[in-house]
Amino acid sequence: MAVLALLVTVILIATAVARNTASEARQAPSFSVYSCPGPASRLYLPDSPHDNYFYSDCHSSVHVVVTSPRLDSDLKIVKPRLLVAWPAGNSGALALFAPETGQEGTLGVRLENSTDSGNSLDPLNESTRVGVSGAINFNDTARLTVPILGSIRAIRDFTEGGNTNQDFQGNFGFRLNADGGATINRTWLDGVTTTWLTFTPLNGAQAVVLNRGATWTLSFGSGTYGFDASFNYPQLDQLGPSDVLTKDASGLISQNPDQTTSLSFLSYTDKLLAGTWRFLTYFGRDSMISMLLMQPILSEDAIEAVIGAVLERVNRADGTVCHEEILGDYATWLNRKEGITSSKPRCDYKMIDTDFLLPIAMERYFVGTQPGKQHSKAFFAKTATFLAENDGFNYMQLAELTSEKIMRIATPFAKSQAKENLIHLKDGEQVGEWRDSNQGLGGGRTPYNVNTALVPAGLRAIAALSRAGFFTDHSDWAVLADSYAQIWEDETLRFFQITVPQSKAKSLVQSYASSLSVPSNTGSIDADVTYYGLALDGAVGGPVVPVMNTDDCFRHFFLNTTNQTQLSAYLGQTADHILKPFPVGLSSDVGLFVANPAYSGNTSFATGFSHGDYHGTVVWSWQLAMMGAGLSRQLGRCTSDDVPDFCKDTTLHSKILSAYNRLWDLIEANRAQLSHEVWSWRYDNGYKVVQLGEITSTESNVRQLWSLTFLAVHREDFGSS
Ligand SMILES: *[C@@H]1O[C@H](CO)[C@@H](O)[C@H](O)[C@H]1NC(C)=O
Ligand SMILES: *[C@@H]1O[C@H](CO)[C@@H](O)[C@H](O)[C@H]1NC(C)=O
Ligand SMILES: *[C@@H]1O[C@H](CO)[C@@H](O)[C@H](O)[C@H]1NC(C)=O
Ligand SMILES: *[C@@H]1O[C@H](CO)[C@@H](O)[C@H](O)[C@H]1NC(C)=O
Ligand SMILES: *[C@@H]1O[C@H](CO)[C@@H](O)[C@H](O)[C@H]1NC(C)=O
Ligand SMILES: *[C@@H]1O[C@H](CO)[C@@H](O)[C@H](O)[C@H]1NC(C)=O
Ligand SMILES: *[C@@H]1O[C@H](CO)[C@@H](O)[C@H](O)[C@H]1NC(C)=O
């Protein structure tokens, strides 16, 4: 413990110096070269065709990905590359390689261990920059065709869309070095920060050749080259595994070294990051949902880092919570497009679900726990420093702005339960909640999870905060927010309900299954099929977007609803969808699919929810975690003082319990991929796991914050069904 305490103190001093130069002073920071007091943290995660290496010490942390196509890889998507991702500034470096022979698929790349240290990655020890070094082997002659040096956002744009804005691809420097190596550098649009990538021949490999074509490229012989990747940007203060977990949970560090190291890699003193390598920065929804699912094991520092990061980024104009922050080179670029010469961070405010999570997170910690109650006063008195726009606002004022917004937008429906008064996507936006790919809501504009779960849960939390002494300007909220919540809880589900008559259900599932060449399992359709569609106002299929989904987990996790008829029926249909195999229900050998378009009866529409779509017939780990935690909360109500009716209906209770246990059997069977963001499948005598990145250019992050929540979410024993 003493060593770790020292480590944290030293980091704080080191970065306090760096931080001052971060924003407008426009000077490159300097970096400490002292030896770290504790050992470095290293993690290797093979995830074919990607090899992932994590390195953290008291100076910096980095994730290095080496991709090497397999014989069966789709070569349009999987290309040889070296990718370096740094949490600081959401920064990175990409070197994309091609076989010099021009024959795709013939080049294999891998890291070799250092002959000096025996490690795959070592830190650079320089006072002017931070970085890593390693050795990369090419099994044939290779050419570095595309370098991207600067922003992970720019690299993500490139891998997903095939191009990066040319503004990021100017001002490269290429230099051949005396030792036969070569260096590429690029100074960011801020004119101060530089990213460097150097290759040096090892063990007699041939000198690097610079090809001065229309775009400059580097050629390598077959063999091994040392590389180092570095940049000079202020670093973050990482929370070590024992800083991010409570004392009681510290046993997890030795039991789950992979997940706890990954959690620490994504956790910093002033924010938690959504995942790596693609979302290596603040995301409001991801961090709050992760916090809520992991609350029992997270330290006070980690929880306050999550809530503090959200409050810092609230839009002071209307209280909207920030979805994604934009930092570093990408921020300078977006600022410049608006005619602003500045590297100041920015926020994306397009989401409509994230606002509601803020009062929920605040209530669960600052009202629901003893440490939260003790820290509340000092915490909410803090003044925001991250966004220039929020200068002078304290955390309490920002929290109140968000709650005022929620009360404002929840009022029309509380007064009149018309469809028009539900919450819909912002005008001009195609996305607005977690299914945030363009196809994710099937064209719908009024999302199911937001309206039936997040709005009422946010209102309940505002009422509870108010009763606990928050929001003194609005003392009426203690009663009013609860009365609104009751209406949103009880009156919204019906808008999203779809019932498909039994015989129609069979024929729809039959034809969908044959279009996919998977078993139809229609024998398990023994009644009309009821489910709640993804959203309202889609382009097809009537008033509700006809896609069965896992979003029921939001109501189960966030609400203790009280209309008994409704609750029993609702739990019953969730249980059916877990118990019945896809495409009748949602379950398969690889987990629950987050979407099932079988009942849409429209092949062209269903194609938008394929096994290659980010929000299609694929499995998201955190949806399994929230379903597990949500059903557990509902079953837990059966032993509370106020026992819901479903507990006393033995047939129904037993069905829910079977569904709960079936879900956990699926979760346990998929342990190997649970920490991944999302995964897909192929059918071969059963559903087999396939990485999404092997079938589409949207890769799954190998480690995602909310996929690590199984550290805290477990199967509970409610007896057998
Ligand atoms: C880095 O180099 C300096 C000398 O330049 C040395 O004093 C220091 O111990 C080195 N740090 C590490 C971590 O090796
Ligand atoms: C290099 O690796 C690739 C991909 O694994 C393989 O197809 C190719 O045959 C290898 N080439 C040589 C020369 O070993
Ligand atoms: C690098 O070293 C590790 C353990 O020190 C070993 O497991 C691994 O196989 C080595 N990698 C290579 C490419 O030799
Ligand atoms: C980048 O590379 C060019 C060409 O080698 C060199 O002139 C320049 O000084 C380098 N810039 C930095 C910041 O290292
Ligand atoms: C409960 O919900 C059902 C619809 O599911 C509705 O018919 C009934 O009126 C509601 N009961 C109360 C007390 O609100
Ligand atoms: C089927 O879906 C497509 C969108 O994918 C839509 O254009 C078409 O109108 C739909 N057909 C029907 C009959 O709803
Ligand atoms: C629901 O009720 C249970 C006990 O019955 C309680 O532990 C839990 O905190 C409640 N959840 C919410 C969201 O109110």
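Residues numbered from 1 in each chain as written. Chains lettered and ligands numbered in written order. Predicted model: local features only at pLDDT ≥ 70, side-chain atom pairs only at ≥ 80, totals over all residues. Heavy atoms only, no water.

1. Some points on the domain arrangement of the protein
As far as domains go, the protein holds domain 1 (2-16 + 40-231), domain 2 (250-474) and domain 3 (496-711). With centres defined by C-alpha atoms, the gap from domain 1 to domain 2 works out at 33 Å. On the domain 2 side, the residues contacting the 34 residues of domain 1 number 23 residues. The junction of domain 1 with domain 2 conceals about 2,400 Å² of combined surface from both sides, 62% of it contributed by carbon and sulfur atoms. Across the contact surface, domain 1 and domain 2 share 4 salt bridges. Of the charged contacts, one joins Arg156 and Glu324 as a salt bridge, the two residues approaching to 3.2 Å between their closest N and O atoms. Linking domain 1 to domain 2 there are 11 residue pairs in polar contact (both at pLDDT 80 or more). (Domains from an automatic or database assignment. Contact = heavy atoms within 4.5 Å. Buried area = accessible area lost by both parts, 1.4 Å probe. Salt bridge = Lys/Arg side-chain N within 4 Å of Asp/Glu carboxyl O. Polar contact = N/O pair within 3.5 Å; in protein donor to acceptor, adjacent residues only side chain to side chain.)

2. Quick word on the packing of aromatic side chains
As enumerated under the stated definition, the model contains 52 aromatic pairs in all. Judged by centre distance (5.6 Å) and plane angle (45 degrees), the ring pair of Tyr448 and Phe496 falls under tilted. With Tyr448 in helix α12 (residues 448-467) and Phe496 in helix α14 (residues 493-496), this residue pair connects regions lying 48 residues apart in the sequence. Across the pair, exposure class does not vary: Tyr448 and Phe496 are buried alike. Ring centres of Phe582 and Tyr687 lie 6.1 Å apart, and the angle between their planes is 80 degrees; on these two criteria the pair is classed as edge-to-face. Of this pair, Phe582 sits in the loop between α17 (564-579) and β26 (587-588) while Tyr687 sits in strand β31 (residues 687-690), and the two are 105 residues apart along the sequence. Judged by relative accessible area, Phe582 falls into the buried class, the value being 1%. Since its relative accessible area comes to 9%, Tyr687 is described here as buried. By way of ring pairs, the aromatic residues Tyr365, Phe366, Phe379, Phe380, Tyr395, Phe470, Phe471 and Trp477 are connected into one cluster. If you follow Arg212 out to its NZ or CZ, it ends over the ring of Trp216, 5.3 Å from the centre. Above the plane of the ring of Tyr570 lies Arg555, whose end atom (NZ or CZ) is 5.3 Å from the centre. (Phe/Tyr/Trp six-rings, centres within 6.5 Å; stacked < 30°, edge-to-face > 60°. Helix = DSSP H or I, 4+ residues; strand = E, 2+ residues; numbered from the N terminus. Buried < 20%, exposed > 50% of the residue type's maximum accessible area, 1.4 Å probe, protein only. Lys NZ or Arg CZ within 6 Å of the ring centre and 35° of its normal.)

3. Section: the sheet that holds β31
Judged by pairing direction, the sheet is antiparallel, and its 3 strands sit side by side in the order β29-β30-β31 without closing on themselves. Edge strands, defined here as strands with exactly one partner in the open sheet, are β29 (619-620) and β31. Taken together, the 2 bridges between β29 and strand β30 (residues 678-683) define a ladder with antiparallel strand orientation. Across the sheet, Val619 pairs through a bridge with Trp679, a residue of β30. (Pairing = 2+ DSSP bridges.)

4. Things to note about the site of ligand 6
Neighbouring ligand 6 are Val540, Asn602, Ser604 and Phe605. For ligand 6, an oxygen atom lies 2.8 Å from a polar atom in the side chain of Ser604. One of the backbone nitrogen or oxygen atoms of Phe605 is found 3.4 Å away from an oxygen atom of ligand 6. Considering ligand 6 on its own, with 360 Å² of exposed area, one finds that the protein chains cover 37% of that surface. Its residues assigned to classes, the shell around ligand 6 shows 2 nonpolar, 2 polar and no charged. (Near = heavy atom within 4 Å. Areas by Shrake-Rupley, 256 points an atom, 1.4 Å probe, with all protein chains shown as cover. Nonpolar A, V, L, I, M, F, W, Y, C, P; charged D, E, K, R; others polar.)

5. Thoughts on empty space enclosed by the protein
Summary: where empty space remains is shown by rolling a probe the size of a single water molecule over the atoms. Here the structure, examined in full by the defined rule, presents 2 cavities of 30 Å³ or more. Approximately 110 Å³ is the volume found for the largest cavity. What lines the largest cavity is a set of 15 residues, and nearest its centre among them are Asp47, His50, Glu699, Ser700 and Val702. For the lining of the largest cavity, the residue count by class is 4 nonpolar, 7 polar and 4 charged. Within this model, the second largest cavity holds a volume of roughly 40 Å³. Lining of the second largest cavity is provided by Gly89, Asn90, Ser151, Arg153, Thr281, Glu325, Ile326, Leu327 and Tyr330. Looking at side-chain class alone, the lining of the second largest cavity contains 3 nonpolar, 4 polar and 2 charged residues. Residue assignment places the lining of the second largest cavity across two domains, with domain 1 (2-16 + 40-231) and domain 2 (250-474) each supplying three or more. (1 Å grid on protein atoms, 1.4 Å probe; cavity = no way out; pocket = protein on both sides within 12 Å on 5 of 7 lines; lining within 4 Å. Points joined across faces, edges and corners; volume = space filled by probe spheres on them.)

6. Considerations on the sheet that holds strand β9 (residues 142-151)
Sheet architecture is open: 8 strands sit in the order β1-β2-β3-β4-β5-β9-β14-β13, paired in antiparallel fashion. This sheet does not close on itself; its edge strands, each paired only once, are β1 (41-47) and β13 (209-212). Between one strand axis and the next, the sheet turns through 20 degrees on average, direction left out of account. Sheet topology note: the strand β5 (residues 91-99)/β9 ladder contains 9 bridges and is antiparallel. Bridging across to β9, Gly92 finds its partner in Gly150. Against the sheet, helix α2 (residues 152-161) engages β4 (81-86), β5 and β9, with an angle of about 135 degrees to β9. (Axes fitted to C-alpha atoms, helices over the stretch in contact; angles between N-to-C directions.)

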